[in-house]
Amino acid sequence: MILLDPRFGKTKTASRAERASAFKETLEGCGVPVELAQMEFGDASFMGNGEGGPVSIGVEIKATQDLVNSMASGRLAGHQIPGLLDHYQHVWLVVEGISRRGKGGGLEIPRGNGWQQLALGRRPLFWDDVEKFLVTLEVQAGLHVRRTRTTAETAHEIAALYQWWQKDWKQHKGLAVTYTPPLPMRPRRTDDVTAQIQKLAAAVDGIGHDRSWKIAEAFESPEDLWMAGESIWEEIPGIGKGMAKKIVAALHARKL
C-alpha cells in the first residue's frame, strides 16, 4: 500500500486536498493501491522487501520551482532531507517539471509562451547550481534522484518503484539478464579485512548486502565497527539517525 500525504502540493487552480485526490486517482490508474495518510516527512511512502527483510521507502516530490524555493530557504537540505533519511531506509527525490539550460547557463522553466529564468534569492540561478546540489544529495546524503516532466510521469515512476520493491529480493534478476557479466557492486577496497567487515555489517537486520559494502569502506577493522557510536554511523551515506540507533543497539545486543 502506497501512503500519500493529503497535503501533497497545490497549484493556482487546485488546493492541496484536490491535487492529492487527483494524484491518488492517477496512481491507482497505474495499478497500485493508494491510501491518503498524513506523514511527518515525505509525500509518499510504502514498505518493500529488502535483502534482509522489510524496508521503508520514502518519496519526496518537488516541482522545479519548489526545489529552487527549498534550496533558497535551506528547508530541503536542513530539515526535509535529514527527516526523510531518519524515517526511511531508502529515499527518492522526484524533481517534476520541464526545465532547460538557457543560453547564459541559467535554469529556465516554461512561462506563458516563453521561458523564465529562475533566481536563488536575488541572484540568477544557474543550471549548474541545481545539478551540483542534486549530485551532492546523491553522493553525500545517499538519496536517489529522478526527473519527470509531468504529474502522470511522476505517478508512473512511484508505481514502478512500488512494484519493484514488492517483489521478493531474490526475484530481482534484471541486472544479470541485461548485462553480461552483471555490473560489479563492490567497494574500492577488496582486501580480506574489508570482506570481514562487510559480512559483519550484512548480518545486522536492515542493512542488506549492497549497503554493507558501503559500510565496509567506512571502517578500518571489525573492532572499529563494533565500537562505533551513533554519530559515526550517521556519517555513512544512507544511514540516518534512526537507522544508526538501531544498528548500534543490534551490535551491542550481539556482543552481550
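To start, this report covers the structure provided alongside it.

Conventions we followed
- Residues numbered from 1 in each chain as written.
- Predicted model: local features only at pLDDT ≥ 70, side-chain atom pairs only at ≥ 80, totals over all residues.
- Heavy atoms only, no water.
- Pairing = 2+ DSSP bridges.
- Helix = DSSP H or I, 4+ residues; strand = E, 2+ residues; numbered from the N terminus.
- Axes fitted to C-alpha atoms, helices over the stretch in contact; angles between N-to-C directions.
- Core = buried A, V, L, I, M, F, W, Y, C linked by side-chain atoms within 4.5 Å.
- Buried < 20%, exposed > 50% of the residue type's maximum accessible area, 1.4 Å probe, protein only.
- Phe/Tyr/Trp six-rings, centres within 6.5 Å; stacked < 30°, edge-to-face > 60°.
- Parallel < 35°, antiparallel > 145°, perpendicular 65-115°, else oblique.
- Left-handed = near helix turned anticlockwise from the far one by under 90°.
- Contact = heavy atoms within 4.5 Å.
- Patch = residues over 30% accessible without salt bridge, like charges linked within 9 Å, V, L, I, M, F, W, Y side chains within 5 Å.
- Areas by Shrake-Rupley, 256 points an atom, 1.4 Å probe, with all protein chains shown as cover.
- Salt bridge = Lys/Arg side-chain N within 4 Å of Asp/Glu carboxyl O.
- Lys, Arg positive; Asp, Glu negative; His and termini not counted.
- Charge placed at Lys NZ, Arg CZ, Asp CG, Glu CD.
- Expected span 1.5 Å × (residues − 1).
- Arc of directions from axis to C-beta.

### Details of the sheet that holds strand β1 (residues 2-4)
And step 1. Here six strands make up an open sheet; going across it, the order is β2-β1-β3-β4-β5-β11 and the pairing mixed. The open sheet is flanked by β2 (34-36) and β11 (144-148), the only strands paired with a single partner. In this sheet, adjacent strand axes meet at a mean angle of 25° when their direction is disregarded.
And step 2. Of the pairings in the sheet, the one linking β1 to β2 comprises three bridges and is parallel in character.

### Concerning the nonpolar core
It is characteristic of soluble globular proteins that their nonpolar side chains tend to be buried jointly.
And step 1. Ranked by internal contacts, the top residues of the largest apolar core, which has 24 residues, are L67, I81, V130, F133, L134, L137 and L143.
And step 2. Elements with a minimum of two residues in this core: α2 (64-73), α3 (75-87), β5 (90-96), β7 (107-111) and α4 (127-141).
And step 3. No other element matches α4, which puts five residues into this core.
And step 4. Grouped together as the second largest cluster of nonpolar side chains are 23 residues, A20, C30, I61 and A155 included.

### So, the packing of aromatic side chains
And step 1. Tallied over the entire structure, the rule returns four aromatic pairs.
And step 2. Taking 5.3 Å as the distance between ring centres and 80° as the angle between the ring planes, the aromatic pair formed by F46 and Y162 counts as edge-to-face. Here the residue F46 occupies a position in strand β3 (residues 44-50), and Y162 occupies one in helix α5 (residues 151-166), the gap between them amounting to 116 residues.
And step 3. For F46, a relative accessible area of 3% gives the class buried.
And step 4. Assessed through its relative accessible area of 9%, Y162 is described here as buried.
And step 5. Taking 5.1 Å as the distance between ring centres and 55° as the angle between the ring planes, the aromatic pair formed by F219 and W233 counts as tilted. With F219 in the loop between α8 (208-218) and α9 (222-227) and W233 in helix α10 (residues 230-234), this pair connects stretches of sequence that are 14 residues apart.
And step 6. Three or more aromatic residues link up through ring pairs in this structure, and these residues are W92, W164 and W165.

### Focus: the packing of helix α1 (residues 16-29) against α5
And step 1. Following both chains from N to C, one finds α1 and α5 inclined at 55°, their axes separated by 9 Å at the closest point. Classified by the angle their axes make, α1 and α5 are oblique. Remark: the crossing between α1 and α5 carries right-handed chirality. For the pair α1 and α5, the contacting residues are R19, F23, T26 and L27 in the first and T151, A152, T154, A155, I158 and A159 in the second.

### Here we look at the side chain of S45
And step 1. Looking at where S45 falls in the secondary structure, it is placed in strand β3.
And step 2. Residue classification places S45 among the buried residues on the basis of a relative accessible area of 7%.
And step 3. Leave out the neighbours within four places in its chain, and S45 touches M1, I2, L3, M39, I57, G58 and Y88.

### Describing the environment of L125
And step 1. For L125, the location among the structural elements is in the loop between β10 (123-124) and α4.
And step 2. On the basis of relative accessible area, L125 is assigned to the buried category, the value being 0%.
And step 3. Between the C-alpha atom of L125 and that of V68, which follows or precedes it by 57 residues, the distance is 8.4 Å.
And step 4. Aside from chain neighbours lying at most four places away, what touches L125 is V68, G106, L107, Q117, L118, A119, L120 and V130.

### Regarding the sheet that holds strand β8 (residues 114-117)
And step 1. Strand order in the open sheet made by the three strands is β6-β7-β8, with antiparallel pairing throughout. With partners counted over all chains shown, the strands left at the sheet margins are β6 (100-101) and β8, one partner each.
And step 2. In terms of strand pairing, β6 meets β7 through two bridges, oriented antiparallel. Within β7, the residue paired with R101 across the bridge is L107.

### Re a negative patch on the surface
And step 1. Taken together, the side chains of E40, D86, E230, E234 and E235 present a region of like negative charge at the surface.
And step 2. Position of E40 among the secondary structure elements: in the loop between β2 and β3.

### Looking at α4
And step 1. The end-to-end C-alpha distance of α4, which contains 15 residues, comes to 21 Å, matching closely the 21 Å that a straight helix rising 1.5 Å per residue would cover.
And step 2. Every buried residue of α4 is listed here: V130, F133, L134, L137 and A141. Within α4, the buried residues cover an arc of 95° as seen down the axis, which keeps them to one side. Of the exposed residues in α4, those oriented more than 90 degrees away from the buried face are K132, V139 and Q140.
And step 3. Looking at the buried positions of α4, the neighbouring elements they touch are α2, α3, β5, β7 and β11.

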